[in-house]
Structures are given as C-alpha cells and as structure tokens.
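Each chain, written out:
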Amino acid sequence: MSLNTHKPRVAFVGSGGATKGIAHLGVMNAMKELGIETDVYVGASAGAIAGAFFSQGFGVDEMVDWLRPFWLRRGAAPLRARHFLGAPNAEQWRSPGYLTSGLLSIDRFERFLADRLPVNDFRQLSHKLLVTACDVDGRGRVVFGPGHDEDVPISQAVAASSCSPLLFRPYRIGDRYYVDGEVIRTLSLDLATAAGADVIVVSNVYRPHVTRRKHRSLVHSGGAAVGRQALNIVLSEKEKRGIDLLARQHPHVTVLNVSADLGNFSFVGRRHARQLLTRSYREALRLLAAAKQRGVFDVRSNVRAIGKA
C-alpha cells in the first residue's frame, strides 16, 4: 500500500453580469487574505475578463484602482465605458444584416485587452485559463484555452465571450461568429472538474434580491427592477441545477458557491462599485473561512494499492 498526498487543486469559476462582475474582485480579495491559491480559472463574459487578468498575476488592488476617480488613481489608464463603444468595422459596413445585428462593435474592447494583457497566448500562461463563448450559428458552446481551442489569442476569446447579443454585433474569429458564453451556460463547472479541480470557488452575481418583510415589493420600483429580478431568478436557478448535477456526477468535488445579495444593483454603471466589492468580499470571507476551518483546502491523502513485482 502506498500513501499519496496532494494539495487540493482549486478552480475559480466566474459568472458574467456586466459591471456587477466587479464582485469577482471581492471574492478574489477574500481568497488572497485566506491564502487560497487558484490553479484554474474558468469564466464567461465578466468572469472571463476577471480570469484573464487574475491568471496573469494582476492584483485585486491594481484592478480596484481602475474603478477610482482619475484624481485618486495610482496606476495606468483603466477599463472605461468608451472601450465598449466601438464603431462598425469594414466587414460590418459591407453587410447590412451584420451591421444591424447589434448596436456596437466589441473590437475596441478586444484591442484594449490585447494592449493590457502581458501575455496574449493561452499556452504561455502559468495558470490554466478557460473561456467560453456561444457559436451564434447553433454549433453550441465553444471553449478557448489549453486542451480546447488554444490557438486563438486570449484577447479575442474574451471579446467573443463578452459579446452580449443585440448590444454587440457577434464577434468574428476565423469563419465563425460568437456571442456571450452565458447564453448557453451561466457557469461551466464541468470544465473545472475536467481540469482536475478538487475545490471549485464559484463567484456568481445573480442571487435574487430578497425583500424583507413589511418592506415594499420590488414592483413599486418600476419595470427595470422587475426585469433585473427576473433575470437574477432565471440565471440563479440555472446555476443551482448545474451545481446539483455536478454534485451527483462528481461527489468528491467541493463546490463553494459565493453568491452575495447583489440583486438590487444595476448591471450597468459603476456607481455601486464599493457596495459590490464589500458585499462579495464579506460573503466570500465568511464562506471560505468556514470551509478552510473544515479542512477543505488542506493537503489530502489517498491510499493506492501496489501489486507485487
């Protein structure tokens, strides 16, 4: 008999959520404080953006600096709204149908990523990064990264994954066109398990807002609030089903679902950035500290029988 020990392989899986994806920074900050190291990053849309930078060693403080007013900022130019306001490219101008398939081009954002990411090649990263997108012509989920479509530059993969339907024109890579990876799956937990993860830390921004008793219903806040809550409910239920399925198929994998109450915050604008960071950080710290106390992140042992020579 031989006793093998190994450190649990940890995966970070981030949901989308537009600017609510700022909450991923709060989760990563809690992981850093608790000394939890990440081996695999999986994400779609905002989760893909976070994974692309986290996997290359960008610190939480550096990324939070992007959210500060310019007179308080310590670093270089941040990611701004104008990076998502791209004009049509030549191909889109030539095709009336393509031109009207969305309001904006995401090409400008792709150029921002190509300029800011130190490494733009999945194969050269020290940590595994997997990005998902949806083939708009019905060919299903597409995965970019090691062991999948790894020849595509990271900047292009993340742009494709962040291409929200109707807001952005589908992003072209080669002869295929892509939209937001969350169109197919909110969370691609299966990619984390396939990458050998023992522990999966989920950062999900879609938890529905729960109105306290005796408080006015959300209906009194208007159509935007009801629509936002409906989206939170739908995507939260998709997430729960995915986690339940993974628990049945991979009972040895621990899923830690960090889902702070962010349901009453908008998906656009950075006005509530501080609250998003604070709430996600506190929820992550509470959940992950408890898991660490239970030994979830401790070195694990397994016994393997060795036959006679």
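One structure accompanies this document, and this report is about it. Everything quoted here is computed from the prediction, not taken from an experiment.

## Focus on the overall build of the protein chain
(1) Moving on: Along the backbone of the protein chain there are 10 helices and 12 strands.
(2) Moving on: Taken across its 309 residues, the protein chain has 49% of its residues classed as buried.

## Some remarks on the nonpolar core
(1) Moving on: The biggest cluster of nonpolar side chains holds 65 residues, and the ones touching the most others in it are Met31, Phe144, Val158, Leu288 and Phe297.
(2) Moving on: Considering each element in turn, this core owes the most residues, 7 residues, to helix H10 (residues 273–293).
(3) Moving on: One finds Ala11, Leu130, Leu191 and Leu246 within the second-largest nonpolar core, a separate group that totals 17 residues.

## Some thoughts on the packing of helix H1 (residues 23–33) against helix H2 (residues 46–54)
(1) Moving on: Where H1 meets H2, the closest approach of the two axes is 10 Å, and the angle between their N-to-C directions is 40°. Classified by the angle their axes make, H1 and H2 are oblique. Where H1 crosses over H2, the two elements pack in a sense that is right-handed. Residue-level inspection shows His24, Leu25 and Met28 of H1 in contact with H2, the latter providing Ala46, Gly47, Ala50 and Phe54.
(2) Moving on: Along the lines of polarity and charge, the residues of the contact of H1 with H2 split into 5 nonpolar, 2 polar and no charged.

## Quick notes on the pairing of strand E5 (residues 128–135)
(1) Moving on: Of all 8 residues that make up E5, 7 are buried, and the element is covered over most of its length.
(2) Moving on: Across 4 bridges, the pairing between strand E3 (residues 40–43) and E5 is parallel. Bridge pairing links Tyr41 to Leu129 in E5.
(3) Moving on: With 5 bridges joining them, E5 and strand E6 (residues 140–144) adopt antiparallel strand pairing. Across the sheet, residue Val131 finds its bridge partner in E6, namely Phe144.

## A few points about the pattern of salt bridges
(1) Moving on: Tallied over the full model, the rule gives 9 salt bridges.
(2) Moving on: For the salt bridge of Glu91 with Arg172, the shortest nitrogen-to-oxygen distance reads 2.9 Å. In this pair, Glu91 sits in helix H4 (residues 90–94) while Arg172 sits in strand E8 (residues 171–173), placing the two residues 81 residues apart along the sequence.
(3) Moving on: Classification of Arg172 by relative accessible area gives partly exposed; the value is 39%.
(4) Moving on: One salt bridge in this structure joins Arg123 and Asp121, with 3.0 Å as the shortest N-O distance.
(5) Moving on: We classify Arg123 as partly exposed; its relative accessible area is 47%.
(6) Moving on: The class for Asp121 is buried, based on a relative accessible area of 16%.

## Regarding the environment of Asp190
(1) Moving on: If you trace the backbone, Asp190 turns up in helix H8 (residues 189–194).
(2) Moving on: The spatial distance from the C-alpha of Asp190 to the C-alpha of Val42 is 9.9 Å, given a sequence separation of 148 residues.
(3) Moving on: Other than its neighbours up to four places away in sequence, Asp190 contacts Arg141 and Arg185.

## Digging into the packing of aromatic side chains
Two aromatic rings are characterised by how far apart their centres lie and by the angle between their planes.
(1) Moving on: Taken as a whole and assessed by the stated rule, the structure comprises 8 aromatic pairs.
(2) Moving on: Measuring from ring centre to ring centre gives 6.1 Å for Phe12 and Phe54, while their planes differ by 85°; the resulting arrangement is edge-to-face. Taken together, the residues span a long stretch of sequence, with Phe12 in strand E2 (residues 10–14) and Phe54 in helix H2 at a distance of 42 residues.
(3) Moving on: Judged by its relative accessible area of 0%, Phe12 falls in the buried class.
(4) Moving on: Ring centres 6.3 Å apart and planes at 45° place the aromatic pair Phe84 and Phe168 in the tilted group. Remark: Phe168 occurs in strand E7 (residues 166–168) and Phe84 occurs in the loop between helix H3 (60–64) and H4; sequence separation between them is 84 residues.
(5) Moving on: Note on Phe84: relative accessible area 22%, which makes it partly exposed.

Criteria and thresholds
Residues numbered from 1 in each chain as written. Predicted model: local features only at pLDDT ≥ 70, side-chain atom pairs only at ≥ 80, totals over all residues. Heavy atoms only, no water. Helix = DSSP H or I, 4+ residues; strand = E, 2+ residues; numbered from the N terminus. Buried < 20%, exposed > 50% of the residue type's maximum accessible area, 1.4 Å probe, protein only. Core = buried A, V, L, I, M, F, W, Y, C linked by side-chain atoms within 4.5 Å. Axes fitted to C-alpha atoms, helices over the stretch in contact; angles between N-to-C directions. Parallel < 35°, antiparallel > 145°, perpendicular 65-115°, else oblique. Left-handed = near helix turned anticlockwise from the far one by under 90°. Contact = heavy atoms within 4.5 Å. Nonpolar A, V, L, I, M, F, W, Y, C, P; charged D, E, K, R; others polar. Pairing = 2+ DSSP bridges. Salt bridge = Lys/Arg side-chain N within 4 Å of Asp/Glu carboxyl O. Phe/Tyr/Trp six-rings, centres within 6.5 Å; stacked < 30°, edge-to-face > 60°.

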